[in-house]
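Coordinates in review
Here is what each chain is made of, one letter per residue.
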Amino acid sequence: MVNPGNIRERAEQLEAILDKYGIKGKIIQIDIGPQVSRYHCRVESAGDVTAVKQSNKRITDAIKLHILQIPMSKVEDGILITTDANRYGVYIDLPNVMQ
């Protein structure tokens, strides 16, 4: 079973990581799946969506290090960041931590 506390804590950490890269956003929805959860982030502008695209690798590395707490070389897959400029949306899929 997924630990709901971990899910909310991750959402806050994701917002902090995006903010570190100058991207203002708020997690507005979390879809919890059996192995992966999708975090829906609403950003302030299309420029923020572009910034996510340009910083995708650095953001992914920060997530691996600060949220998943694993060496970057240990995870090849498992994190997916997609964007939707029309809706100022950023979608981040992360593997769940089971309790």
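This section reports on the structure supplied with the text. (Residues numbered from 1 in each chain as written. Predicted model: local features only at pLDDT ≥ 70, side-chain atom pairs only at ≥ 80, totals over all residues. Heavy atoms only, no water.)

What to know about the environment of Val36
By secondary structure assignment, the location of Val36 is in strand 2 (residues 36-43). Its relative accessible area of 38% is what places Val36 among the partly exposed residues. When the C-alpha atoms of Val36 and Ile79 are compared, they prove to be 9.1 Å apart, with 43 residues separating the residues in sequence. Other than its neighbours up to four places away in sequence, Val36 contacts Asp31, Asp93, Leu94, Pro95 and Asn96. (Helix = DSSP H or I, 4+ residues; strand = E, 2+ residues; numbered from the N terminus. Buried < 20%, exposed > 50% of the residue type's maximum accessible area, 1.4 Å probe, protein only. Contact = heavy atoms within 4.5 Å.)

What about the sheet that holds strand 1 (residues 25-32)?
For sheets, the rule is that strands pair by backbone hydrogen bonds, running either parallel or antiparallel. The strand order across the open sheet formed by four strands is 1-2-4-3, and the pairing between neighbours is antiparallel. Strand pairing shows two members of the sheet lacking a second neighbour, strand 1 and strand 3 (80-84), which therefore form its edges. Direction aside, neighbouring strands of the sheet carry axes that sit 20° apart on average. Sheet topology note: the strand 3/strand 4 (residues 89-95) ladder contains five bridges and is antiparallel. The residue bridging Asp84 from the neighbouring strand is Gly89, located in strand 4. This element, helix 3 (residues 56-67), spans strand 3 and strand 4 of the sheet and lies at about 135° to strand 3. (Pairing = 2+ DSSP bridges. Axes fitted to C-alpha atoms, helices over the stretch in contact; angles between N-to-C directions.)

Considerations on the packing of helix 2 (residues 46-54) against helix 3
In contact at an axis separation of 5 Å, helix 2 and helix 3 are set at 75° when each is read in the N-to-C sense. One finds that helix 2 runs roughly perpendicular with respect to helix 3. Residues Val52, Lys53 and Gln54 of helix 2 lie in contact with helix 3, whose contacting residues are Asn56, Arg58 and Ile59. The residue inventory of the contact of helix 2 with helix 3, partitioned by class, reads two nonpolar, two polar and two charged. (Parallel < 35°, antiparallel > 145°, perpendicular 65-115°, else oblique. Nonpolar A, V, L, I, M, F, W, Y, C, P; charged D, E, K, R; others polar.)

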